[in-house]
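# Topology and contacts: notes
Read off the chains here:
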Amino acid sequence: MNHRIIIKIIGKLIQLEGFLLLFPAITGIFFKEKDFLSLAIVAGASILVGSLLRMIHAKHSRIRAKEGFVITALTWLVFSVVGALPFWISKAIPDITDAIFETASGFTTTGASILNNVELMPKCLLLWRSFTHWIGGMGILVFMLAFVQSSADEMNIMKAESPGPSVEKMVPKVRETAFTLYALYTSLTVILILALIIAGMPVFDSVCLSFGTAGTGGFGVRADSLASYSSVCQTIITIGMVMFGVNFNFYFLILVRKFKNIIHCEEVMVYLIIFFVATGFVTFGIMDTVKDGAFHHAAFQVASIMTTTGFATKNFNLWTTMPKGVMVLVMFIGACAGSTGGGLKVSRIILYFKQVVRELQSYIHPSSVRNIRLDGKTVNKDTLRTTNVFLMAYIFIFVSSFVIVSMDGFDLTTTFTSIAATINNIGPGLGVVGPSGSFAGYGILSKWVMIFDMIAGRLEIFPVLIMLSLGTWRKK
C-alpha cells in the first residue's frame, strides 16, 4: 500500500474543499450573514492543512486499483466530516453526528435530512448544503481529475468513483474525459438555472434547486420542498431530473454526432420506458385523490424517486398502496450508470434479467451458447461476475443495516424505506421519514449506519468494503 501517495492526494482534496467553501462564504458576505465566518474559518484551515499534506514526499506516484479504491472511500468520508464543520461551528446544526449526516447526505446526493425547518438556516449555509449535491453529483475525484493535475494512474481512481458496472474513456486521456464530463454537467446546470429564472423562480432558489437537480440530490430551500413553486417550475425540474438520470456518454455521443451509436444505447431506452410506464401506473393510482394534475405530479415524483433526487410536490406518503409500491420499486431500480443518480442502476437490472433469460434458455436448449449483450456490445464474464457479487454485497449490507436500525423502534415501513432511501441515495422514504418528515428521530448508531449506507451506496459498495478490509492495510 502506497500510504504516502494516499495522504498526498487526500491533502490535495482537502485543499480543494477549502477553495470550494469560499463560494458560499462569499455568498454569506453578500447577504450580510455572520455565519459566513464559519465557512471562511473551515475554508482557511482546509487550505492550510491540505497544503501541508501535499508537501509529503512519495517515492512513486503509481496508484494501483487497491489505492484507487481506498483514496475514493477516504475522500468521501473526509469531505463529509470537513464539510460538516461549518454547520457545527455556526450552531446551525449543533450536534456533530447530525452535521456529518446532513453533509454526507449532500455529497452522496442522497437528500435525507435531519432538519425539520430548513427555512431557518442562513442562506450561505443553505447554498453550501445544496452545493454539496453539485460537487458530489459527478464525483469529487472526477472534479479533481478535470481541473487539478494528478498522477498517471488516474483511471483506477475514476473507476472506483464512477457509478455503474463499468467505466469507459470517452476520449483518449482520462483527464480529458473528466473535463468533458464536467463541461457537459456544468452546461446543463447553467441551462437549468436560466430556465428556472425565466420561469419566475427567485435567483437564489434557482441556483440551489438546480444544484440539487443536477446532482440528483434533493435538498430544497423551503420546508415543503417544491410544492409552493409554480407548475411551470416543477415541470422544468421534472425534465431536468430525467435528463440528469441519463448516462452522460449518451450526451457525449450527441455532442460528437455519433448518431448511429445512439441507437445502441439500450440502457437509456429502458430507463425512459420504465419512467413512462411507472408514471402511467402512478397517475392511474392517484387520479381519485390528486385533483390538480395527476399526471403532472406522478411524472414529477417518479422522476424524483427513480433518479434518486428526492424532491416532492405532494406528500406521496398519503397515497394509496399501489402508487407507493411503484415508487418503492423504482427506488431500487434507480437511474442509468454513468449518471448522477443512485440505485442499483438500470444497466444492472437489464443484465440480471438477461442472465435469467439465458439460464432458462440453457435448460430448454442445453447445447446452445448465448452471449449477453448490452448497448450492442458483448458483456464479458468479469463484468457479469462483478455485477452479481455487487448484488450479494448490496443485500448483505441492506439486511445488516435494517436489523441495526430496527432497534430504534420505528414501524416496518419507516425502517425499511429509511435503509432503502439511504443506500440508494434517494432522500425521503415513507412513514416517519416521508416527504414531510425527517431522519432526526433516529439514534446516533442508526445515523452512523445510514451515513455508511449513503457513502457505500454512492460509491457502489466495493471501495468502502476494500477500505475497511484488514487485508488492504496488511503488509505482505
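In case you missed it, the structure is sitting above this.
The next point concerns the environment of Ser438. By secondary structure assignment, the location of Ser438 is in the loop between helix 18 (412–423) and helix 19 (444–458). In this structure the C-alpha to C-alpha distance between Ser438 and Leu115, which are 323 residues apart in sequence, comes to 6.6 Å. Not counting chain neighbours up to four residues away, the residues in contact with Ser438 comprise Ser113, Ile114, Leu115, Asn116, Val432 and Val433. Separated by 2.9 Å, the side chains of Ser438 and Asn116 make a polar contact. A polar contact is formed between the side chain of Ser438 and the backbone nitrogen of Ala440, at a distance of 3.2 Å.

The full count for this structure, using the stated rule, is 8 salt bridges. For the salt bridge of Arg129 with Glu102, the shortest nitrogen-to-oxygen distance reads 2.9 Å. Placement of Arg129 in helix 5 (residues 123–138) and of Glu102 in helix 4 (residues 96–107) is noted, with a sequence separation of 27 residues between them. This pair shows no difference in class: Arg129 is buried, exactly as Glu102 is. Linked by salt bridges that have partners in common, Lys345, Arg348 and Glu460 make up one network.

The subject of this paragraph is helix 19. Between its first and last C-alpha atoms helix 19 spans 21 Å; for 15 residues at 1.5 Å apiece the expected length is 21 Å, and the two agree. Within helix 19, 11 of the 15 residues are buried, leaving the element largely enclosed by the surrounding structure. When helix 19 is considered as a whole, its buried residues turn out to be Ser446, Lys447, Val449, Met450, Ile451, Asp453, Met454, Ile455, Ala456, Gly457 and Arg458. Backbone geometry just after helix 19 places Glu460 at a positive phi near 65°.

Turning our eyes to something else, we now look at the packing of helix 13 (residues 266–286) against helix 14 (residues 294–306). Viewed as axis vectors pointing N to C, helix 13 and helix 14 meet at an angle of 135°, and their least axial separation amounts to 8 Å. Classified by the angle their axes make, helix 13 and helix 14 are oblique. Regarding helix 13 and helix 14, the two cross each other, and that crossing is right-handed. Across the interface between the two elements, Tyr271, Ile274, Phe275, Ala278, Thr279, Val282, Thr283 and Ile286 from helix 13 touch Ala294, Phe295, Ala298, Ala299, Val302, Ala303 and Met306 from helix 14. When its residues are assigned to classes, the contact of helix 13 with helix 14 shows 13 nonpolar, 2 polar and no charged.

Located in the positive-phi region is Lys32, a residue other than glycine, with phi close to 55°. Position of Lys32 among the secondary structure elements: in the loop between helix 1 (3–30) and helix 2 (36–54). By relative accessible area, Lys32 is classed as exposed at 78%. One non-glycine residue with positive phi stands out, namely Glu460, at about 65°. Tracing the chain through its elements places Glu460 in the loop between helix 19 and helix 20 (462–468).

What follows covers the environment of Cys336. Tracing the chain through its elements places Cys336 in the loop between helix 15 (321–333) and helix 16 (346–364). Through-space distance from the C-alpha of Cys336 to that of Leu459 is 14 Å; in sequence the pair is 123 residues apart. Residues in contact with Cys336, not counting those within four places in the same chain, are Gly245, Val246, Asn247, Glu267, Val268, Tyr271, Lys345 and Val346.

The next thing to look at is the packing of helix 17 (residues 381–405) against helix 18. Relative orientation of the contacting elements helix 17 and helix 18 amounts to 135°, with a least axis distance of 10 Å. Between helix 17 and helix 18, the angle is such that the two are oblique. Taken as a pair, helix 17 and helix 18 cross one another with a handedness that is right-handed. Within the contact between the two elements, helix 17 uses Tyr394, Ile397, Phe398, Ser401, Phe402 and Val405 and helix 18 uses Leu412, Thr415, Phe416, Ile419, Ala420 and Ile423. For the contact of helix 17 with helix 18, the residue count by class is 10 nonpolar, 2 polar and no charged.

What follows concerns the packing of aromatic side chains. Evaluation of the coordinates by the stated rule reveals 29 aromatic pairs. Judged by centre distance (5.3 Å) and plane angle (70°), the ring pair of Phe79 and Phe107 falls under edge-to-face. On the criterion of sequence distance, the pair formed by Phe79 in helix 3 (residues 65–89) and Phe107 in helix 4 is long-range, its members being 28 residues apart. This pair shows no difference in class: Phe79 is buried, exactly as Phe107 is. Look at Phe332 and Phe398: their rings are 5.8 Å apart centre to centre, the planes differ by 45°, and that puts the pair in the tilted class.

Reading the values: the criteria
In this convention, every chain numbers its residues from 1, walking through the sequence in written order. The predicted origin of the model limits local features to residues at a pLDDT of at least 70 and limits the giving and counting of side-chain atom pairs to 80 or more, whereas totals for whole chains, interfaces and linings rest on all residues. Heavy atoms throughout the structure, all of them, feed into the side-chain values; hydrogens and water do not. Elements are defined by DSSP. Helices are runs of H or I of four residues or more, strands are runs of E of two residues or more, and each kind is numbered from the N terminus. The contact criterion used throughout is that any non-hydrogen atoms of two residues lie within 4.5 Å. Under the rule applied, a polar contact is a pair of N or O atoms within 3.5 Å (in protein, one hydrogen donor and one hydrogen acceptor; residues adjacent in sequence only if both atoms are side-chain atoms). Salt bridges are identified by distance alone: a Lys or Arg side-chain nitrogen within 4 Å of an Asp or Glu carboxyl oxygen. Per-residue accessibility, obtained with a 1.4 Å probe over protein chains only, is compared with the maximum for each type, and a residue is labelled buried under 20%, exposed over 50%, and partly exposed between these values. One less than the number of residues in a helix, times 1.5 Å, gives the span that helix is expected to have. Axis geometry follows a simple rule: fit a line to the C-alpha atoms, using only the stretch in contact for helices, then measure angles between N-to-C directions, giving values from 0 to 180 degrees. Small angles under 35 degrees read as roughly parallel and large ones over 145 as roughly antiparallel, with 65 to 115 read as roughly perpendicular and the rest as oblique. Each crossing gets its hand from how the near helix is turned against the far one by less than a right angle, where anticlockwise is left-handed and clockwise is right-handed. Amino acid classes used here: Ala, Val, Leu, Ile, Met, Phe, Trp, Tyr, Cys and Pro are nonpolar; Asp, Glu, Lys and Arg are charged; the rest, including Gly, are polar. Only rings of Phe, Tyr and Trp enter the pairing, Trp through its six-membered ring, and a pair is recorded when the two centres are within 6.5 Å. The plane angle decides the type: under 30 degrees is stacked, over 60 is edge-to-face, the rest tilted.

Taken by themselves, the reported measurements are silent on function.
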